[in-house]
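# A closer look at the structure
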Amino acid sequence: AFRAGFKASYGGGVVSCPVSYVLINFLLSVLYQLQQEAPRPKRITCPQEVSTSVFLQFHGMISREYADELLSGAEGSYLIRESQRQPGSHTLALRFGHQTFNYRLFYDGKHFVGEKRFESVHDLVTDALIILYIETKAAEYIAKMTTNPIYEHLGYTSLLKDKMVHRLSRGRTEPRRVTFQRDEKISSPLVRRSALKDTPEKQCFYEKIHNFKVHTFRGPHWCEYCANFMWGLIAQGVRCSDCGLNVHKQCSKLVPSDCQPDLRRIKKVFSCDLTTLVKAHNTTRPMVVDMCIREIELRGMKSEGLYRVSGFSEHIEDVRLSFDRDGEKADISASAYADINIIAGALKLYLRDLPIPVITFDLYSKFIQAAKMPNSDSRLEAIHEGLLQLPPAHYETLRYLMAHLKRVTMFEKDNLMNAENLGIIFGPTLMQPPELNALTTLNDMRQQKVVVQLLIEHEDVLF
Ligand SMILES: [Zn+2]
Ligand SMILES: [Zn+2]
């Protein structure tokens, strides 16, 4: 049956790799060969076919013992009976290793006994036999599979090598955490501002966890962590939807947090996880933040009510769409959007729409508690401590934004914006409680404002 599936995906015209690839891999893998040897399903037909069920192989309510007898002939034989203990429910009886296994069988358009869902009972049994066979024959091997992963070093095989070299050459450089050293040369806001324009910070070493989702592979696939065959008919492993790494489910827990998202897989800019976005674009901060701030510093610093006056919401939406579509090529210049409030609005929208706020859910209450402290020194100390626990990409974004807002307050005479009213605006934008609760949100508003106000006022010592 697996061969049939194999043929369907390789012989049937859906060929994605050359035959030699398949052949060479075939020789490489013990587990692949085992899968080939697994017993094939044999349906035991019922002499008086009961047609009242959605299941073709239904034998009605026969005893466990009788089912056992019917199946005793061959490995891989199976039938479906009605449970005597729970009438109305179905049991799949399956012969493997000279014993009969009984599973509660469900149907909701697809057939399943566990997590995996199948088009037919035949497929389900095929998969069950593969899993039983491999796990029996190679239990010890499977247990040891992850002890010497190929993931960390090069030179496994010429087949996987290209892919591995490619993967390893990306982002596996020390140090893993960014170091937050203040550049002494850039001390005055004025000099810093000019430095904003073209900072060549084109590399980042942020850690990012993989975003694994259960995946069904067509044709044989090998785990990119342990290099072993991913057995089974469907849902053989997991795939990272950000970088495309394919591994066994059990290997996914061992893969380091070194996901390097592939730009082709990251469809959006707005509402994309902050770390994912900066890793995908290989930047220190989200380019939306850099680009909007650059534009605002260029032509909006003296604009009255900057960040308070809202831009026309359809135009803000337009900016969002162009970032999602064009990425760093989005045109947000004065010729495209003359009103600077549109750019300021887009920046606020970007920050507000992050799936994890800049001040993360995990650290939210730490910051709120800090703001409640009566002593101003310990309050700053607590906020500083919180900042150091932020994920590096979040920390860098916040630092950059606060330096910018500090500069905004230097033009208060013109723009009428100070740390306090910017705190009111950016408090709920940068901080959101982990659980949406109207009362908490209302109660915390004061503290949110205090946090952001302090971050702006003490930007130079806190970061
Ligand atoms: Zn990944
Ligand atoms: Zn693996």
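Refer to the structure printed above.
Note that this is a predicted model, so its numbers are computed, not measured. Every residue gets a number counted from 1 within its own chain, in the order that chain's sequence is written. For naming, the first written chain is A and the first written ligand is 1, with later ones following in the order written. This being a predicted model, a pLDDT of at least 70 is required before a residue's local features are given, and a value of 80 or more before pairs of side-chain atoms are given or counted; all residues contribute to the totals for chains, interfaces and linings. Calculated side-chain values reflect all of the structure's heavy atoms, with hydrogen atoms and water omitted.

## With respect to the pattern of salt bridges
What counts, and what does not: Salt bridge criterion: a side-chain nitrogen from Lys or Arg within 4 Å of a carboxyl oxygen from Asp or Glu. Each helix is a run of H or I in the DSSP string that is no shorter than four residues. Each strand is a run of E no shorter than two, and both are numbered from the N terminus. Note on exposure labels: buried denotes an accessible area under 20% of the residue type's maximum, exposed denotes more than 50%, and partly exposed covers the range between, all computed with a 1.4 Å probe on protein chains only.
Going through the model one piece at a time under the given rule, you end up with 18 salt bridges. Across the salt bridge formed by Glu115 and Lys249, the nearest N and O atoms sit 3.4 Å from each other. Here Glu115 is found in the loop between strand E5 (111-112) and helix H5 (121-137), whereas its partner Lys249 is found in helix H9 (residues 249-252), with 134 residues between them in sequence. Residue classification places Lys249 among the partly exposed positions, given a relative accessible area of 42%. Lys116 serves as the salt-bridge partner of Asp127, at 3.2 Å between the closest nitrogen and oxygen. Separated by 11 residues along the polypeptide, Asp127 in helix H5 and Lys116 in the loop between E5 and H5 bring together distant segments of the chain. You can call Lys116 partly exposed: its relative accessible area is 21%.

## Side note on the coordination of the zinc ion (ligand 2)
Rules: Donor atoms: N, O and S within 2.8 Å of the metal, or within 3.2 Å for Na, K and Ca. Because water is excluded, sites can look incomplete.
Ligation of the zinc ion (ligand 2) by protein atoms is provided by Cys223 (SG), Cys226 (SG), His248 (ND1) and Cys251 (SG), these donors lying 2.1 to 2.3 Å from the ion. Motif for the zinc ion (ligand 2), donor spacing along one chain: C-x2-C-x21-H-x2-C. When its relative accessible area of 0% is taken as the criterion, Cys223 is described as buried. Given a relative accessible area of 6%, Cys226 falls into the buried group.

## A look at the sheet that holds strand E7 (residues 237-240)
Our working definition: Strand pairing is defined by DSSP finding a minimum of two bridges between the two strands.
Spatially, three strands are ordered E6-E7-E8 in an open sheet, and the strand pairing comes out antiparallel. Edge strands, defined here as strands with exactly one partner in the open sheet, are strand E6 (212-215) and strand E8 (246-247). Relative to E7, E6 runs antiparallel, the two sharing four bridges. Bridging across to E7, Lys213 finds its partner in Arg239.

Take it as geometry only, folks, not as evidence of what the structure does.
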